[in-house]
Amino acid sequence: MTTTYAALLRGINVGGNKKVPMAELRAVMQTLEYDDVRTYLQSGQAVFASAHGDEESLAGELRQAIEKRFGFTVDVIVRDHAYLKAIAEECPFPAADLEPKQLHVTYYSEPVDAERFAGIDRAAHLPEDFTLGDRALYLYAPDGLGRSRLAEQLSKPRINKGLIATSRNWNTVLKLVEMTRPV
């Protein structure tokens, strides 16, 4: 049985670093015998179908292929449609009432617990707020991510130690749900 996945690449094509042209990324993915390979934007989203592997093995396979082709390591998280859909549906914030730039999801490589975030004074950052989900963190930043002091705290190395963490805005969250939907 073939499953459609999204691959989330962390930190490519940002500020001129780790350049990965999307056409070349698609070509690399096709050499891995993935089907229906598509990319979204230039910031590290690819969708593909595969009948073999699981999320972790597919992420490792893609990470190795990218390193071989481009000469640098890129962290990769792979998630299937059911997971992506659940993340969108379980959003604790009123997504329909917010501008997409106000809402973000950070995807984690593995589950995270509230203890990681115990040192953050949430009240000091209001009205910004965050909630944990299944291997994800929902961030409400009313002035956008670029101005968010809470986002800065959440991205500290001590918070994300031992994890792959990569964030997407709400438009991208919804687009990946749509792109991975079974036909």
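Parameters and conventions
- Residues numbered from 1 in each chain as written.
- Predicted model: local features only at pLDDT ≥ 70, side-chain atom pairs only at ≥ 80, totals over all residues.
- Heavy atoms only, no water.
- Buried < 20%, exposed > 50% of the residue type's maximum accessible area, 1.4 Å probe, protein only.
- Helix = DSSP H or I, 4+ residues; strand = E, 2+ residues; numbered from the N terminus.
- Contact = heavy atoms within 4.5 Å.
- Pairing = 2+ DSSP bridges.
- Axes fitted to C-alpha atoms, helices over the stretch in contact; angles between N-to-C directions.
- Core = buried A, V, L, I, M, F, W, Y, C linked by side-chain atoms within 4.5 Å.

Let's talk about helix H6 (residues 170-180)
Within the span of H6, buried status applies to Trp170, Thr172, Val173, Leu176, Val177, Met179 and Thr180. Where H6 is buried, its residues contact strand E1 (3-9), strand E2 (35-40), strand E3 (45-50), helix H3 (81-89), strand E5 (103-108) and strand E8 (165-169).

A look at the sheet that holds E3
Taking strand neighbours across the sheet as the criterion, the 4 strands line up as E2-E3-E1-E4 in an open arrangement whose pairing is antiparallel. Of all strands in the sheet, those with a lone pairing partner are E2 and strand E4 (76-80), marking the two edges. If you compare each strand with its neighbour and ignore which way they point, the axes differ by 20° on average. Note that E1 and E4 share 5 bridges and pair antiparallel. Residue Leu9 lies in a different strand from E4, and its bridge partner there is Val76. Across the sheet, helix H2 (residues 55-70) touches E1, E3 and E4, and the angle it forms with E4 is around 140°. Here H6 sits on the sheet in contact with E1, E2 and E3, set at roughly 150° to E1.

Let's talk about the nonpolar core
Formed by 25 residues in total, the largest nonpolar core has its most connected members in Leu84, Ile87, Cys91, Phe93, Val105, Tyr107 and Trp170. Residue assignment for this core shows that the elements contributing at least two residues are E1, H3, E5, strand E7 (136-140) and H6. Sort the elements by how many residues they give to this core and H6 lands first, with 5 residues. The next biggest cluster of nonpolar side chains, apart from the first, holds 23 residues, and it includes Leu9, Val20, Phe48 and Val78.

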